[in-house]
Amino acid sequence: MIDKKLLKEIALSEAEYLKICELLNRQPSPLELGLFGALWSEHCGYKHTKLLLKELPNKSNKVLSEMGKENAGVLDIGNGLKIVMKVESHNHPSAIEPKEGAATGVGGIVRDIFAMGAYPIALLNSLRFGPQDIPRNRYLLNGVVEGISTYGNCLGIPDVGGEIEFEECFTTNPLVNAMCVGIIDNNSPVLNAKADKEGDLAILVGADTGRDGIHGASGLASQSLEEGSDSRSAVQVGNPFLEKVLLESCLISAKMEGIIGMQDLGAAGLTSSAIEVAEKSNLGIELNLDRVHTKEEDMTPYEIMLSESQERMLVIVDPKSEDAFLKFFQDRDLKANTIGTFNKKENVKIIHMGNEILNTPVKILTNAPAYVLSNKKPGWISAIQKYIPSKNIIDDMGRVLELILKSPNISSKKDIYSQFDHQVQLNTIVLPGEADAAVLRLKKDKQAISISIDCDSKKCYLDPEIGASMAVAEACRNIICTGATPIGLTDGLNLGNPEKQDVQYQISKTIEGLKKACLEFGIPIISGNVSLYNESNEKPIFPTPIIGAIGHIYDYSKVVTASFKNIGDKIILIGNKVDQDEDSLLSGSEYQKIIDGKLSGSPQIDLKKESSLQNSLLEIIDNKLINSAHDISSGGISTAIAESCILGEIGSTVILNGTNKKSIYFGENRTAVIVSCSPKNIKKIFKIANKYNIESKEIGEVTGDCLIINKDINIKVERLKSIFYNQSG
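Everything in this summary refers to the structure shown in the same document.

As for the overall build of the protein
Helices and strands together make up the secondary structure of the protein, namely 27 helices and 27 strands. Radius of gyration (C-alpha) of the protein: 26 Å, near the 27 Å computed for a compact globule of 729 residues. Overall, the C-alpha framework of the protein stretches about 85 × 55 × 45 Å when taken along its three principal axes. When burial is assessed residue by residue, the protein has 64% of its 729 residues classed as buried. Long-range pairs, those at least 24 residues apart, make up 84% of the contacts in the protein between residues at least 6 apart in sequence. Summed over its atoms, the accessible surface of the protein is roughly 26,300 Å², and 48% of this surface lies on carbon and sulfur atoms. Across the protein, the mean location of the 78 positive side-chain charges is 5 Å away from that of the 94 negative side-chain charges.

A few points about the side chain of K721
Assignment of secondary structure puts K721 in helix α27 (residues 717-724). Within polar-contact distance, the side chain of K721 engages the side chain of E649 at 2.8 Å. Filtering out sequence-adjacent residues up to four positions away, K721 remains in contact with I646, E649 and Q727.

Section: the side chain of S469
Examined against the element boundaries, S469 turns out to sit in helix α20 (residues 464-480). Residue class for S469 comes out buried when judged on its relative accessible area of 3%. Separated by 2.7 Å, the side chain of S469 and the backbone oxygen of G513 make a polar contact. Beyond its immediate stretch of four places on either side in the chain, S469 contacts G513, K516, A517, I605 and L607.

Re helix α2 (residues 14-24)
Among all positions of α2, only E16, Y17, I20, C21 and L24 are buried. Buried positions in α2, seen along its axis, are confined to an arc of 145 degrees and lie on one side of it. In this structure, α2 carries A15, L18 and E22 as exposed residues pointing more than 90 degrees from its buried face. On its buried face, α2 sits against α1 (4-9), α3 (30-39), β12 (355-361) and α15 (362-366). Immediately beyond the C-terminal end of α2, within one or two residues, lies N25, with a positive phi of roughly 65 degrees.

Quick look at empty space enclosed by the protein
Counted according to the given criterion, the structure contains 4 cavities of 30 Å³ or more. Forming the boundary of the largest cavity are 19 residues, of which K459, M470, E474, R477 and E668 lie nearest the centre. The biggest single contributor to the lining of the largest cavity is α20, with 6 residues. Here the residues of the lining of the largest cavity sort into 6 nonpolar, 6 polar and 7 charged. Around the second largest cavity, the lining residues are L573, V578, D579, I637, I655, L656, N657, I664, K697 and I699. The residue inventory of the lining of the second largest cavity, partitioned by class, reads 7 nonpolar, 1 polar and 2 charged.

Regarding the sheet that holds strand β9 (residues 312-317)
Spatial ordering of the open sheet is given by β7-β9-β6-β10-β8-β11-β12, a layout of 7 strands whose pairing is mixed. The sheet terminates laterally at β7 (259-264) and β12, the two strands that pair on one side only. Pairwise comparison of adjacent strand axes, ignoring direction, gives a mean angle of 20 degrees for this sheet. Two strands pair when backbone bridges link them, and strand β8 (residues 284-288) and strand β10 (residues 336-343) are joined in this way by 4 bridges, in the antiparallel orientation. When the bridges of β10 are listed, E286 appears paired with T341.

Here we look at helix α12 (residues 269-280)
The end-to-end C-alpha separation of α12 is 17 Å, in line with the 16 Å expected for 12 residues at 1.5 Å each. Buried residues dominate α12, accounting for 9 of its 12 residues. Taken together, the buried positions of α12 are G269, L270, T271, S272, S273, A274, I275, V277 and A278. Note on α12: the residue one or two positions beyond its end, N282, has a positive phi of about 55 degrees.

A few points about the packing of α3 against α12
Closest axis-to-axis distance for the α3/α12 pair is 10 Å, and the angle between their directions is 80 degrees. The orientation of α3 with respect to α12, classified from their angle, is roughly perpendicular. Across the interface between the two elements, L35, A38 and L39 from α3 touch T271, S272, I275 and E276 from α12.

A few points about the environment of S281
Looking at the secondary structure, you find S281 in the loop between α12 and β8. Look past the residues within four positions of S281 in its chain and what remains in contact with it is K194 and A195.

A word on the pairing of strand β17 (residues 525-531)
Of all 7 residues in β17, 6 are buried; the element is thus mostly enclosed. Of the pairings in the sheet, the one linking strand β16 (residues 485-494) to β17 comprises 6 bridges and is parallel in character. By the bridge assignment for β17, L489 is matched with I525. Chirality of the crossover, the property in question, places the unit of β16, helix α21 (residues 501-521) and β17 among those that are right-handed.

Description of the pattern of salt bridges
Applying the stated criterion across every chain yields a total of 44 salt bridges. Between D212 and K295 there is a salt bridge; the shortest N-O distance is 3.6 Å. Separated by 83 residues along the polypeptide, D212 in the loop between β6 (201-206) and α9 (216-220) and K295 in the loop between β8 and α13 (301-306) bring together distant segments of the chain. Overall, D212 belongs to the buried group, its relative accessible area being 11%. For K295, a relative accessible area of 48% corresponds to the partly exposed category. Bridged by salt links that share partners, the residues E167, D456, K458, K459, E590, K593 and E668 form one connected network.

Observations concerning the sheet that holds strand β3 (residues 119-129)
Paired through their backbone hydrogen bonds, the strands of a sheet run either parallel or antiparallel. One open sheet accounts for 5 strands, arranged β1-β2-β5-β3-β4; its pairing is mixed. Sheet topology places β1 (73-78) and β4 (159-166) at the edges, where each strand pairs with a single neighbour. Adjacent strand axes in the sheet meet at a mean angle of 15 degrees, parallel and antiparallel pairs treated alike. Pairing analysis gives 8 bridges linking strand β2 (residues 81-89) to strand β5 (residues 175-184), with the strands arranged antiparallel. Bridge assignment links K82 to a residue of β5, and that residue is I184. In the packing of helix α7 (residues 98-114) onto the sheet, contacts are made with β2, β3 and β5, and the angle to β5 comes to roughly 30 degrees. Each of β3, β4 and β5 is contacted by helix α8 (residues 135-155), which is oriented at about 180 degrees to β3, the strand it contacts most.

Some details on the packing of aromatic side chains
What describes a pair of aromatic rings is the distance from one ring centre to the other and the angle between the planes of the rings. All told, the structure shown has 9 aromatic pairs when counted by the stated rule. Where F36 meets W40, the ring centres are 5.4 Å apart and the plane angle is 85 degrees; that geometry is what we call edge-to-face. The cationic tip of K414 hangs over the ring face of Y725; the distance from NZ or CZ to the ring centre is 6.0 Å.

Notes on the environment of P603
Within the secondary structure layout, P603 lies in the loop between α22 (590-596) and α23 (607-622). According to the relative accessible area criterion, P603 is buried, its value standing at 0%. Placed 289 residues apart in sequence, P603 and L314 show a C-alpha to C-alpha distance of 46 Å. The contact partners of P603, leaving out residues within four places of it in the chain, are K459, L462, D463, I466, M470, S587 and N669.

How each quantity is defined
- Residues numbered from 1 in each chain as written.
- Predicted model: local features only at pLDDT ≥ 70, side-chain atom pairs only at ≥ 80, totals over all residues.
- Heavy atoms only, no water.
- Helix = DSSP H or I, 4+ residues; strand = E, 2+ residues; numbered from the N terminus.
- Rg over C-alpha atoms; globule rule 2.2 N^0.38 Å.
- Buried < 20%, exposed > 50% of the residue type's maximum accessible area, 1.4 Å probe, protein only.
- Contact = heavy atoms within 4.5 Å.
- Areas by Shrake-Rupley, 256 points an atom, 1.4 Å probe, with all protein chains shown as cover.
- Lys, Arg positive; Asp, Glu negative; His and termini not counted.
- Charge placed at Lys NZ, Arg CZ, Asp CG, Glu CD.
- Polar contact = N/O pair within 3.5 Å; in protein donor to acceptor, adjacent residues only side chain to side chain.
- Arc of directions from axis to C-beta.
- 1 Å grid on protein atoms, 1.4 Å probe; cavity = no way out; pocket = protein on both sides within 12 Å on 5 of 7 lines; lining within 4 Å.
- Points joined across faces, edges and corners; volume = space filled by probe spheres on them.
- Nonpolar A, V, L, I, M, F, W, Y, C, P; charged D, E, K, R; others polar.
- Pairing = 2+ DSSP bridges.
- Axes fitted to C-alpha atoms, helices over the stretch in contact; angles between N-to-C directions.
- Expected span 1.5 Å × (residues − 1).
- Parallel < 35°, antiparallel > 145°, perpendicular 65-115°, else oblique.
- Right-handed = clockwise from strand over helix to strand, strands pointing away.
- Salt bridge = Lys/Arg side-chain N within 4 Å of Asp/Glu carboxyl O.
- Phe/Tyr/Trp six-rings, centres within 6.5 Å; stacked < 30°, edge-to-face > 60°.
- Lys NZ or Arg CZ within 6 Å of the ring centre and 35° of its normal.

Here it is in structure tokens:
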């Protein structure tokens, strides 16, 4: 008899249960069923996406890791330096306990980085919430920000960038995606999450194992919120001070003789970490739960194996070095016990109270089903892609600009990022808010990295494929605007219930959009995370494929920021169809949301033109021809110019051609940037843009204390600042 309530608790379908019985040739024991529920969960098993994810480009001459096989992606940037990066979500826990959900999300992504032997040097975050006039949404935002700042600040890792959007669909489904970047120097190895041979040992290091987080991967993260929203016990509790000690100790141990690998205990805890390491190693493992240090004496094997208690690592060592590692960790006040031995039997054997309580083949446990998704386009998506002209006619373009600058999606996020320490470690040379991406020096020659994280959820709602391609393009364009060459991406794919056909279409097209953009730009996705079932009350979120991008800078003296610098500098628009003014530019725009009150149309992007624009801008910056660069995205050209004025505390006078004023001023679907330069460099800039077959046009001059666009907008910069920084209406 199938216990349907139990299956729902661990997010297994009846068909999956029957498949498990078939594979085992018997019914699973309660403990086995718990392990299957965790390892076959969407969060761990990627049942609805792993076939599609295999299609993503993930190789380059700089990539040292295999996507999906390691804790994070690794890039060799030369000169003895390697960069490690990953983004991961903690959505459902943050919806229930926002502070702890966000904090432990930060803790988990940081462990993924130092499990590779890398020192974490930067955090970023991508957040989504519902409208802030709803008290519950304000509570979620405040709790998440507090959790991120508390945990990250205690670890001493700078939080250098991020992005945030507010839309109705995120009211009960906030998205909390954390990205971490680490560095490995020439003297440190890249650690893999696997054992080498029979006899290698697994040492559990860190916090006691408790009852927090049980069913976090299956019961909470792998089903819709209304099904698991009362599962407060499935939310983990973090201790950043313990994590700091664990971080420093693991990085020292990574250089010790006898080290083989590391794996953090995140989703599904010991179940996922130990069994997946065995699977990657083509070995079996014997686990002795009597050696697991627990918070309470009466914990069951089920609770021990499925606990998601934080600040725990599995360190894999050669048996000859066991005593040295145990003493090393214990000398640093970290509990450490040898709990497992790898063998050639290819089974998971679990011992509890001296008795064997489980002996199951590894590959049956880890071989979750792989579902083929529908890519049939739902009628409702076809309907919203038909552009609906606005009935709201507002002739005052200055008033529209003020409304857009005041929008929570556009206005300054200083109130949020000021709570994060972004200068600890003393490497941040471009601070939050100063440019389209953060820049950190690497303390070796004049090298630096530029980091960005981006996605426009509204455009992904209208067209998931184009929206995903645009997310890749913007993330890359943002780091290029600082002068960095993109070398790698990490993705966090946040979507609704994959059992529904329209969400399956969104998933399929999202991954197709990522693939097309990456192939065109020649950039790999080296790590990532998928978070599904982001919906409640039958209402899914907008598809939100978060893209984290990293770029390499050989000489940080060439770094460019977004602010206008000098009176008399010329303003140049570089991009595709610079005088384009059709209504389609407004599809999925902030203008549509604020003025029209309804999204419609289909966003467009020319990936070949985007690639040409990015290459031309890189050459322009490398030749030190410009003083500022800012991409045109949310809010359109007028908003981009206003932001450059605000950041530089200086005005500008601009002429924009076209008869459709709302599209010219506020259209977002452009492949374009605005730059400012000395008048003597204009011809050189035009020549480089022309070489890449990209249009360029002088549109104005940096001057005065007002933003003037044609005869339609004339606003003092001080007023723009007060609106942008939420100081007045």
